[in-house]
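# Understanding the architecture of this molecule
Residue strings, one per chain:
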Amino acid sequence: GDSVTQTEGQVALSEEDFLTIHCNYSASGYPALFWYVQYPGEGPQFLFRASRDKEKGSSRGFEATYDKGTTSFHLRKASVQESDSAVYYCALGGTGNTGKLIFGLGTTLQVQP
Amino acid sequence: NSKVIQTPRYLVKGQGQKAKMRCIPEKGHPVVFWYQQNKNNEFKFLINFQNQEVLQQIDMTEKRFSAECPSNSPCSLEIQSSEAGDSALYLCASSLNRHQAPLFGEGTRLSVL
């Protein structure tokens with residue numbers, strides 16, 4: 001079945017460091033891909049999505065490019081801030097056209113000042 | 001601020017008790033989702049609706065889970081006989097259509113003692 005794999009469970013950085021969180025997916029066709037961020041005590045917040053090969057999504061300084069060849073949608077940010085500390089989830093739109101999302105296990109980002 | 005409203009924020013039940021939580025979707029959003037997020041951050045899709053009709057649901061194998069989205073009333077998720085393993089964050093989300101990224105509420109945290 002469809003699945004999402006986030007390689008890093010936890011990432012620790014200092015402010016102004018470059019961030020990469022790896023996301024790979026397994027699905028047929030061209031599923032829509034999403035990034036969400038979740039802060040403690042809150043629900044997930046949508047960052048951006050992409051649905052075509054080579055399409056780039058971006059928001060709040062974060063970006064990711066849909067790569068059908070490597071089945072990836074890696075999240076990147078050039079310079080992280082302490083306020084970016086949160087859990088980041090990659091998700092894909094499941095088959096069946098019902099809108100259901102399949103989430104990865106999340107990556108906890110901790111940014112030190 | 002438009003958003004998805006979930007009540008209550010916290011729910012404590014004893015094993016065997018009924019647990020009911022409610023969700024008011026974003027105004028104008030006909031598609032509503034319920035997810036369960038466990039303590040390991042894993043998301044489990046439960047069910048989604050378009051207007052009052054079920055689009056997709058898990059096998060609700062336990063038969064203890066039921067959900068509805070009646071017209072002109074909040075959506076609801078009910079667990080008939082709570083078990084310790086049901087302790088989790090229950091997230092409601094809504095979207096304008098099946099392709100748009102869902103907007104999540106802050107969740108109802110259920111603790112079954």
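Residues numbered from 1 in each chain as written. Chains lettered and ligands numbered in written order. Predicted model: local features only at pLDDT ≥ 70, side-chain atom pairs only at ≥ 80, totals over all residues. Heavy atoms only, no water.

Right, let's talk about the interface of chain B and chain A for a bit. Listed by partner, the interface residues are 22 residues for chain B and 18 residues for chain A. Between chain B and chain A, the buried area comes to about 1700 Å², and carbon and sulfur atoms account for 54% of it. On the surface where chain B and chain A come into contact, there are zero salt bridges. Inspection of the chain B/chain A interface yields nine residue pairs in polar contact (both at pLDDT 80 or more). Sorting the residues of the side of chain B that touches chain A by element identifies strand 4 (31–37), strand 5 (43–50), strand 6 (53–57) and strand 9 (88–95) of chain B as the ones contributing at least two each. For the side of chain B that touches chain A, the per-class residue count stands at ten nonpolar, eight polar and four charged. (Contact = heavy atoms within 4.5 Å. Buried area = accessible area lost by both parts, 1.4 Å probe. Salt bridge = Lys/Arg side-chain N within 4 Å of Asp/Glu carboxyl O. Polar contact = N/O pair within 3.5 Å; in protein donor to acceptor, adjacent residues only side chain to side chain. Helix = DSSP H or I, 4+ residues; strand = E, 2+ residues; numbered from the N terminus. Nonpolar A, V, L, I, M, F, W, Y, C, P; charged D, E, K, R; others polar.)

What follows concerns the state of the cysteines. All names here are of chain B. Applying the stated criterion across every chain yields a total of three disulfides over all chains. Between the sulfur atoms of Cys69 and its disulfide partner Cys75 the distance amounts to 2.0 Å. Judged by the torsion about the S-S bond (110°), the Cys69/Cys75 disulfide is right-handed. As far as the burial class goes, Cys69 and Cys75 line up, both buried. (Disulfide = S-S within 2.5 Å. Buried < 20%, exposed > 50% of the residue type's maximum accessible area, 1.4 Å probe, protein only.)

Time to look at the pairing of strand 11 (residues 108–112) of chain B. All names here are of chain B. Of the two faces of strand 11, the one lined by Thr108, Leu110 and Val112 is fully buried and the one lined by Arg109 and Ser111 carries no buried residue. One ladder, built from four bridges, connects strand 2 (residues 10–13) with strand 11; its direction is parallel. Across the sheet, residue Lys13 finds its bridge partner in strand 11, namely Val112. With three bridges joining them, strand 9 and strand 11 adopt antiparallel strand pairing. By the bridge assignment for strand 11, Ala88 is matched with Leu110. (Pairing = 2+ DSSP bridges.)

All we've got here are geometric facts, nothing functional implied.
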